[in-house]
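# Structural overview for review
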Amino acid sequence: MPGWVDAASDDFSKRLPAEIKINPILLPLIKRGKNPDIPRIIRDESRKILGAVPKDSLLVVLDVVGKSISTEKFSGLLETWLQQGQDVSIVIGGPDGVSDELLSKAALKLSLSALTFPHPLVRVILLEQIYRAWSIINNHPYHRA
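Residues numbered from 1 in each chain as written. Predicted model: local features only at pLDDT ≥ 70, side-chain atom pairs only at ≥ 80, totals over all residues. Heavy atoms only, no water.

### Some details on the packing of helix α1 (residues 3-15) against helix α5 (residues 119-137)
Two numbers describe how α1 lies on α5: the axes approach to 9 Å, and their chain directions differ by 15 degrees. Comparing their axes, α5 and α1 come out roughly parallel. Every pair of crossing elements has a handedness; the one defined by α1 and α5 is left-handed. Across the interface between the two elements, W4, V5, D6, A8, S9, F12, S13 and R15 of α1 pack against P120, L121, R123, V124, L127, E128 and Y131 of α5. Counted by class, the contact of α1 with α5 contains nine nonpolar, two polar and four charged residues. (Axes fitted to C-alpha atoms, helices over the stretch in contact; angles between N-to-C directions. Helix = DSSP H or I, 4+ residues; strand = E, 2+ residues; numbered from the N terminus. Parallel < 35°, antiparallel > 145°, perpendicular 65-115°, else oblique. Left-handed = near helix turned anticlockwise from the far one by under 90°. Contact = heavy atoms within 4.5 Å. Nonpolar A, V, L, I, M, F, W, Y, C, P; charged D, E, K, R; others polar.)

Pasting the structure below:
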């Protein structure tokens, strides 16, 4: 990841309280040659992701056709997860997306936007939204909507 991604990600992670522990698991992409077998790559990357997800966590997958929700609604989800003591794994797939197999195992499929973002930026946006959701729950002045 570029340095700015790590810096921004670390910044938002450090702002969060101890009860919201961010444990990023970064998996390398499968190499894509001149004529890549995209369906195979999606399948193999998705299986690696599934293998890295902790067994008892709630699986949330970011996907272009996932449900679009507001920041306030996301805040409500975060509050529920915190109240239940639920570990949550939020998956950002590879540049070609994720497999139907992975999507079928997701408890929730979310879309951050109808726009397409580069994956490093998605990581920063997601962490910012987690921090913003926490700020809403705690009436912190960061969120001023």
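The discussion continues.
### Comments concerning the environment of L126
Mapping L126 onto the fold places it in helix α5. In this structure the C-alpha to C-alpha distance between L126 and L110, which are 16 residues apart in sequence, comes to 11 Å. Ignoring anything within four residues of it in the chain, the contact list for L126 reads L62, I90 and I92.

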